[in-house]
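Summary of the model geometry
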Amino acid sequence: MQQLQQHFLTLLAEQQHPLLHKANLLLHNASHHGHFYMSRLDSSAQVAELAAFLSSMGNIARYYRGDRLRFGFALYQNAESFNLSCLKSI
């Protein structure tokens, strides 16, 4: 699971997105962390807009509430299936 999460962080860094980046992650210790990453943005409106965009792309599973956007990881996933390139367009 940690390998999936690390791959996700690597891909996220490559996108250089102004809102979704490691500094916005609510992450204290990557080696002792649940099977999801959560980002905290400035407003719930930003999160809702970003979640709607990601949903329209169809390839990024996420959940959101308020000013937080959550990305989950599961055993059935593989790192090669992750594609965050759509973030470059927004």
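Residues numbered from 1 in each chain as written. Predicted model: local features only at pLDDT ≥ 70, side-chain atom pairs only at ≥ 80, totals over all residues. Heavy atoms only, no water.

Turning to unusual backbone geometry, a few remarks are in order. A positive phi angle, near 50 degrees, is found at Gln16, a position not held by glycine. Note on placement: Gln16 falls in the loop between helix H1 (2–15) and strand E1 (36–40). (Helix = DSSP H or I, 4+ residues; strand = E, 2+ residues; numbered from the N terminus.)

Okay, the pattern of salt bridges next. For the structure shown, the criterion picks out 2 salt bridges. With its nearest N and O atoms 3.2 Å apart, the salt bridge here joins Asp67 to Arg40. Residue Asp67 is located in the loop between strand E2 (63–65) and strand E3 (68–72), and its partner Arg40 is located in strand E1; the two are separated by 27 residues in the primary sequence. Among the residues examined, Arg40 registers a relative accessible area of 42% and is labelled partly exposed. For the salt bridge of Arg68 with Asp67, the shortest nitrogen-to-oxygen distance reads 3.5 Å. Three or more residues are tied together by salt bridges with common partners; here these are Arg40, Asp67 and Arg68. (Salt bridge = Lys/Arg side-chain N within 4 Å of Asp/Glu carboxyl O. Buried < 20%, exposed > 50% of the residue type's maximum accessible area, 1.4 Å probe, protein only.)

So, on to the pairing of E3. Burial along E3 is one-sided: Leu69 and Phe71 are buried, and none of Arg68, Arg70 and Gly72, which face the opposite way, are. One ladder, built from 5 bridges, connects E1 with E3; its direction is antiparallel. Within E3, the position partnered with Phe36 by the bridge is Gly72. Note that E2 and E3 share 3 bridges and pair antiparallel. Counterpart to Tyr63 in the pairing with E3 is Arg70. Where E2 folds back onto E3 in an antiparallel hairpin, the turn is made up of 2 residues, including Gly66, whose phi is positive at roughly 60 degrees. (Pairing = 2+ DSSP bridges.)

In this section: helix H2 (residues 44–57). Between its first and last C-alpha atoms H2 spans 20 Å; for 14 residues at 1.5 Å apiece the expected length is 20 Å, and the two agree. Buried within H2 are the following residues: Val47, Leu50, Ala51, Phe53 and Leu54. Projected onto a plane normal to the axis of H2, the buried residues spread over an arc of 160 degrees and lie on a single side. Relative to its buried face, H2 has exposed residues pointing more than 90 degrees away, namely Ala45, Glu49 and Ser56. Buried positions along H2 lie against E2 and E3. (Expected span 1.5 Å × (residues − 1). Arc of directions from axis to C-beta. Contact = heavy atoms within 4.5 Å.)

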